[in-house]
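# Per-entry structural report
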Amino acid sequence: MRKDDLTVDEATVIAEHARAGVLELDDPEVRKVVEQANRVLVRAQMWGEERSPKLRRRRRFIAIGALLMVLVWVAGLLVPLAVRFAG
């Protein structure tokens, strides 16, 4: 983790304060921190709170595998139709 990254707990507190209107969002520096907190929360929801490269690699592999299966399935449906109507 980079030293300037927020933890999930810190990001949660900052996002809650921003939603409650406690923070002055007109200040560009405050807005940057709130945006960073929101990015940290989205990443935590997407990949989990643990920042394990092995876990991220595995999840990415599963997502790519699922996408490939869908593409093969769609090709299996469309290629025979294209061959039939082309010839």
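Residues numbered from 1 in each chain as written. Predicted model: local features only at pLDDT ≥ 70, side-chain atom pairs only at ≥ 80, totals over all residues. Heavy atoms only, no water.

Let's shift gears to helix α2 (residues 28-47). With 20 residues, α2 should reach 28 Å at 1.5 Å per residue; the first-to-last C-alpha distance of 28 Å fits that figure. Buried within α2 we find V34, Q36, A37, V40, L41, A44 and W47. Contacts from the buried residues of α2 go to α1 (8-20) and α3 (53-86). For α2, the N-terminal cap is D27; the gap from its side-chain oxygen to the backbone nitrogen of E29 is 3.3 Å. Positive backbone phi, at 95 degrees, marks G48, one or two positions downstream of α2. (Helix = DSSP H or I, 4+ residues; strand = E, 2+ residues; numbered from the N terminus. Expected span 1.5 Å × (residues − 1). Buried < 20%, exposed > 50% of the residue type's maximum accessible area, 1.4 Å probe, protein only. Contact = heavy atoms within 4.5 Å. Polar contact = N/O pair within 3.5 Å; in protein donor to acceptor, adjacent residues only side chain to side chain.)

A few words now on the pattern of salt bridges. Going through the model one piece at a time under the given rule, you end up with 1 salt bridge. Ionic pairing is found between K32 and E29, a salt bridge with its closest N-O pair at 3.6 Å. In this pair, K32 and E29 both sit in helix α2, 3 residues apart, roughly one turn of the helix. (Salt bridge = Lys/Arg side-chain N within 4 Å of Asp/Glu carboxyl O.)

Let us look at a positive patch on the surface. Together, K54, R57, R58, R59 and R60 give the surface a local cluster of positive charge. Positionally, K54 belongs in helix α3. (Patch = residues over 30% accessible without salt bridge, like charges linked within 9 Å, V, L, I, M, F, W, Y side chains within 5 Å. Areas by Shrake-Rupley, 256 points an atom, 1.4 Å probe, with all protein chains shown as cover. Lys, Arg positive; Asp, Glu negative; His and termini not counted. Charge placed at Lys NZ, Arg CZ, Asp CG, Glu CD.)

Time to look at α1. The end-to-end C-alpha separation of α1 is 18 Å, in line with the 18 Å expected for 13 residues at 1.5 Å each. Within α1 the residues assigned to the buried category are V8, A11, I14, A15 and A18. Angularly, the buried residues of α1 cover 125 degrees about the axis, an arc narrow enough to put them on a single face. Along α1, the residues that are exposed and aim more than 90 degrees away from the buried face are D9 and A20. Those residues of α1 that are buried are in contact with α2. (Arc of directions from axis to C-beta.)

Between α1 and α2, the least distance of the axes is 8 Å, while the angle of their chain directions is 125 degrees. In terms of their interaxial angle, α1 and α2 are classed as oblique. Seen from above, α1 lies across α2 with left-handed handedness. On α2, the residues that touch V8, A11, T12, I14, A15 and A18 of α1 are V33, V34, A37, N38, V40, L41 and A44. (Axes fitted to C-alpha atoms, helices over the stretch in contact; angles between N-to-C directions. Parallel < 35°, antiparallel > 145°, perpendicular 65-115°, else oblique. Left-handed = near helix turned anticlockwise from the far one by under 90°.)

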